[in-house]
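So the chains spell out like this:
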Amino acid sequence: MAPKGGKEDKEEIWPYKITIGICAMHRKATSKPMRAIMKKLIECYGQWVDFFIFPEQVILNEPIENWPLCHCLVSFHSTEFPLEKAIAYVKLRKPYVINNLDRQYDLLDRRTVFKILSDNGIEHPRHGYVIRGRPNEPDTELVEHPDHIEVNGEVFNKPFVEKPISSEDHNVYIYYPSSVGGGSQRLFRKINNRSSWYSPKSEVRKEGSYIYEEFIPADGTDVKVYAVGPFYAHAEARKAPGLDGKVERDSDGKEVRYPVILSNKEKQIAKKIVLAFGQTVCGFDLLRANGKSYVCDVNGFSFVKTSTKYYEDTAKILGNQIVRHYAKTKNWRLPPDMPQPPILDLGLGDDPPMITTPSGKLAELRCVVAVIRHGDRTPKQKMKLVVTDERFFALFEKYDGYKKNEIKMKKPNQLMEVLELARALVSEKQVGE
Ligand SMILES: Nc1ncnc2c1ncn2[C@@H]1O[C@H](COP(=O)(O)OP(=O)(O)OP(=O)(O)O)[C@@H](O)[C@H]1O
Ligand SMILES: [Mg+2]
């Protein structure tokens, strides 16, 4: 148990700093958002935590026994990252893991992603799979017609979406019905100002394994959600890549983003996704249509590109989570002066704070504004009495009360007059009794 003490005993209360290791491909570990978030995290929690980046050369070429030690691990998969090695490292060293690594395999297969969404009651597009040439999996039968396909007997009318089973493959095709001219829109990872091309080809791909989804008519807008823990999510909207394939950019060359406020239901979805996929930091895509929000993609570890507010919030949420974890598990005293995480998304709890308003409607409580005065004040020594004795009326008249409608008696001799009168009345009353 840590000894008690004031601020000057911090070393004993918190005997050493917790080391956060960032284990990801170099480009991701040193990205602008990562640097900004870690800078803020150290600014706020540097008394208790520190961080370092695993060199990419070590991750790729060294056995896990030679990997550096850390208390807390921030690690995530991206192209060429050796997920298996990172999982073995966690097994060997047992750090506190921010984004579950075993579960990151789930994110690599779009079928597993949809299965998890389904198991957790999260709305997603109706879908079917076509499997070809996979070991231990029978090939799927696909019947193709001009305006629809049958996958395992299930019909998907055009427009529908065709996505490679591997979520690392971004060649997503959208097929149009013949009523609008047919053909398909072919999406790909952004190249300069393009994210898709139109192709007159209407036949679906015949090689490889795909997931087919009903097309959700979301008015050409994607909602990108970036959750950090179960109680916080930042969202922004972007033009859907399938619309005309032209990327909207601002004067700085950044992709144009539109502000979005998540509904309560969407916040609940964010919470469910963080928990269901075991990913504290987790991005996903929402399509809003028919009064609902459908999740069409879960990306796992992903940061908002440019938002100082998000960087600060994320740093505080992660810093707090890590310090609290160690205070609890090591029985160290929780630093009382530790910066607190943002509370702006309180609506994410199981029971959103719904309140009735004076106009009778239900509304979500977003904030409480209070005007507070200090209480260091002598209470007023006042008494209100109805008087009938005519001597009070004489006093009232003497000080011009009938003209001014009121009198103020503040001088000591005036107050003495009132006191004398009150005393006289009390003694008369006592004599009478
Ligand atoms: N079922 C659907 N209905 C309508 N549009 C869809 C559907 N699924 C995907 N889209 C559109 O296609 C885009 C790409 O789909 P998705 O996000 O699944 O692919 P991805 O390549 O994994 O994307 P990311 O770059 O986010 O990893 C979405 O942003 C959305 O605009
Ligand atoms: Mg996506």
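This one's a predicted model, so the numbers in the text were calculated from it and none came from an experiment.

Conventions and cut-offs
- Residues numbered from 1 in each chain as written.
- Chains lettered and ligands numbered in written order.
- Predicted model: local features only at pLDDT ≥ 70, side-chain atom pairs only at ≥ 80, totals over all residues.
- Heavy atoms only, no water.
- Donors = N, O, S within 2.8 Å, 3.2 Å for Na, K, Ca; no water.
- Helix = DSSP H or I, 4+ residues; strand = E, 2+ residues; numbered from the N terminus.
- Buried < 20%, exposed > 50% of the residue type's maximum accessible area, 1.4 Å probe, protein only.
- UniProt positions renumbered as here; feature names shortened; annotations may be inferred.
- Expected span 1.5 Å × (residues − 1).
- Domains from an automatic or database assignment.
- 1 Å grid on protein atoms, 1.4 Å probe; cavity = no way out; pocket = protein on both sides within 12 Å on 5 of 7 lines; lining within 4 Å.
- Points joined across faces, edges and corners; volume = space filled by probe spheres on them.
- Nonpolar A, V, L, I, M, F, W, Y, C, P; charged D, E, K, R; others polar.
- Pairing = 2+ DSSP bridges.
- Phe/Tyr/Trp six-rings, centres within 6.5 Å; stacked < 30°, edge-to-face > 60°.

Colleague: Just to check I follow, could you spell out the coordination of the magnesium ion (ligand 2) for this structure?
Modeller: Reference geometry at the metal: tetrahedral coordination by four donors gives ideal angles of 109.5 degrees; octahedral coordination by six donors gives 90 or 180 degrees. The magnesium ion (ligand 2) binds to the protein through D285 (OD) and D297 (OD); the donor distances cover 2.0 to 2.2 Å. Highlighted residues: D285 in strand β17 (residues 281-289) and D297 in strand β18 (residues 292-300), separated in sequence by twelve residues. Considered together, D285 and D297 belong to a single accessibility category, that of buried residues.

Colleague: Could you clarify how one ought to interpret the UniProt feature "domain: VIP1 N-terminal" (unreviewed entry) in the chain in this entry?
Modeller: Feature annotation in UniProt places "domain: VIP1 N-terminal" (unreviewed entry) on residues 18-109, given in this structure's numbering. Within the segment residues 18-109, helix and strand shares are 38% and 18% respectively, and the terminal C-alpha atoms sit 34 Å apart.

Colleague: I keep staring at the environment of L69 and nothing clicks. Help me out?
Modeller: Summarising the element assignment, L69 is placed in the loop between α4 (56-61) and β3 (72-75). Overall, the relative accessible area of 57% leaves L69 in the exposed class. Each C-alpha atom, one on L69 and one on R93, is 7.5 Å from the other, the two residues being 24 residues apart in sequence.

Colleague: What am I meant to see in helix α8 (residues 308-330) here?
Modeller: Side chains three or four residues apart in an α-helix point the same way, a direct result of the helix having 3.6 residues per turn. Between its first and last C-alpha, α8 extends 33 Å over 23 residues, near the 33 Å set by a 1.5 Å rise per residue. Downstream of α8 by a residue or two, N331 has a phi angle that is positive, lying close to 60°.

Colleague: I tried to follow the domain arrangement of the chain on my own but got confused; where do I start?
Modeller: By a widespread convention, an interface's size corresponds to the accessible area lost as its parts come together. Its domain assignment divides the chain into domain 1 (7-99 + 308-341), domain 2 (124-300) and domain 3 (390-432). A straight line from the C-alpha centre of domain 2 to that of domain 3 covers 86 Å.

Colleague: Would you mind showing me how to read the layout of surface pockets here?
Modeller: There is about 970 Å³ of room inside the second largest pocket. Taken together, 21 residues form the lining of the second largest pocket, with M383, L385, F392, M409 and V418 sitting closest to its centre. Elements with a contribution of two residues or more to the lining of the second largest pocket: α9 (390-398) and α11 (412-432). Among the elements that take part in the lining of the second largest pocket, α11 stands out by supplying five residues, more than any other. Of the residues in the lining of the second largest pocket, the class split is 16 nonpolar, two polar and three charged.

Colleague: Where do I start with the pairing of strand β13 (residues 210-214) in this structure?
Modeller: For a regular strand, side-chain orientation follows a simple rule: the groups alternate between the two sheet faces. Across the five residues of β13, four count as buried, placing the element largely inside the fold. As paired elements, strand β5 (residues 127-130) and β13 share four bridges and run antiparallel to each other. Residue pairing in the sheet places G128 in a bridge with Y212 of β13.

Colleague: I would appreciate a short explanation of the packing of aromatic side chains in the present structure.
Modeller: Any aromatic ring pair is given by two values, namely how distant the centres are and how the planes are angled relative to each other. Going through the model one piece at a time under the given rule, you end up with 19 aromatic pairs. With a centroid separation of 5.9 Å and 75° between ring planes, the pair formed by F54 and W67 is classed as edge-to-face. Pair noted here: F54 is in the loop between β2 (49-53) and α4 and W67 is in the loop between α4 and β3, with a separation of 13 residues, a long-range link. Considered together, F54 and W67 belong to a single accessibility category, that of buried residues. Aromatic side chains Y226 and Y310 sit 6.4 Å apart centroid to centroid with 65° between the ring planes, which places their arrangement in the edge-to-face category. Note that Y226 is positioned in strand β14 (residues 221-228) and Y310 in helix α8, a separation of 84 residues in sequence. Taken together, F76, Y226, F301, F303, Y310 and Y311 form an aromatic cluster joined through their ring pairs.

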